[in-house]
Amino acid sequence: MGESSGSGPLIGVLDLQGDVREHVAALHEVDAGSRLVKAPGELEGLDGLILPGGESTTLSMLLESTGLFDPISARLEAQDLPVFGTCAGLILLAREVLDGRPDQRMFGALDAVVRRNGYGRQRQSFEAEVALGSGESPPLPTVFIRAPFVVSVGQDVEVLAELDGVPVLVRHAAVLASSFHPELTKDRRVHRLFVEMCGAPERARSGGGLFG
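Note that the coordinates shown come from a computational prediction; the quantities given were computed from them, not determined experimentally. Note that residues are indexed from 1 along each chain, following the sequence as it is written. At least 70 in pLDDT is required for a residue's local features to be given in this predicted model, at least 80 for side-chain atom pairs to be given and counted, and no such filter applies to totals for whole chains, interfaces and linings, which use all residues. Calculation of side-chain values draws on the structure's entire complement of heavy atoms; hydrogens and water are dropped beforehand.

Q: Tell me about the overall build of the chain, residues and numbers included.
A: If you tally the helices and strands in the chain, you get 7 helices and 13 strands. Two things to know: the radius of gyration comes from C-alpha atoms, and the globule rule equals 2.2 Å times the number of residues to the power 0.38. For the chain, whose C-alpha radius of gyration is 15 Å, the value lies close to the compact-globule estimate of 17 Å for 212 residues. Along the first, second and third principal axes, the C-alpha set of the chain runs to 40 × 40 × 30 Å. Note on classification: 1.4 Å probe, protein chains only; a residue is buried when its accessible area is under 20% of the maximum for its type, exposed when over 50%, partly exposed between these limits. Taken across its 212 residues, the chain has 53% of its residues classed as buried. What makes two residues a contact is simply this: any of their non-hydrogen atoms within 4.5 Å. Pairs at least 24 apart in sequence give 64% of the contacts found in the chain among residues at least 6 apart. Accessible surface area values rest on a Shrake-Rupley calculation with a 1.4 Å probe, where residue burial reflects the displayed protein chains alone. Surface accessibility of the chain: about 9300 Å² in total, with carbon and sulfur atoms responsible for 47%. One way to put it: in the chain the 19 positive side-chain charges average out to a point 4 Å from where the 29 negative ones average out. Here a strand is any run of E in DSSP of at least two residues, a helix any run of H or I of at least four, and the numbering for each starts at the N terminus. For the charge count, each Lys or Arg is scored as positive and each Asp or Glu as negative, with His and the chain ends excluded. Just so you know, the charge point we use is NZ for Lys, CZ for Arg, CG for Asp and CD for Glu.

Dropping the structure here:
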């Protein structure tokens with residue numbers, strides 16, 4: 001089943017496309033357990049789920065063909081499974097996607113409008129340091145690869161980090177999402193925050209490992 005233990009919550013990593021191994025390594029560094037998820041039965045017993053980057057339209061089709069889309073959607077609607085989407089994962093979680101395919105399905109669990117490849121194609125990939133919250137903590141190193149651009153967010157969406165005034169890390173109820181790839185840097189504050197959302201929601205709501 002591709003499962004590893006840790007002292008913290010058991011978090012699934014969608015193993016269809018993207019930086020799966022990097023997310024698993026990041027979870028290990030923050031003492032969380034991990035499980036590769038390729039089929040609906042592997043969602044059972046999870047405390048959280050990560051939707052890695054990749055190509056959002058391909059991921060949408062793979063989620064359908066594996067039978068994972070509907071059970072994940074049901075868990076998101078019930079808000080009983082925290083989910084963290086990075087890059088393409090953010091697109092899948094969004095309420096509305098601009099420049100997407102007409103037949104592309106989204107979970108709609110995040111009240112946000114995003115634009116696919118809003119920061120440009122592969123050659124426009126870049127690294128940046130972004131401020132977290134009020135900017136009192138050290139800046140967060142980030143990697144943007146064919147990243148989605150957050151056009152707008154609903155009033156209930158908390159913006160945790162911005163780049164040039166544009167949200168790049170947001171939280172809405174049990175959903176955390178980033179335009180960038182936190183698994184590709186050595187800074188583990190974002191993964192630590194998600195682990196706290198999965199195992200200690202009260203602490204996560206107060207800032208948790210992201211700002212501390």
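Q: Pulling in residues and values, what's your account of unusual backbone geometry?
A: Even without a glycine there, the phi angle at Gln79 is positive, about 55 degrees. Take Gln79: it is sitting in the loop between helix 3 (69–78) and strand 5 (83–86). Residue Gln79 is classed as exposed on the basis of its relative accessible area, which comes to 52%. Phi at Asp164 takes a positive value of approximately 55 degrees, unusual for a residue other than glycine. One can find Asp164 in the loop between strand 11 (158–163) and strand 12 (166–172).

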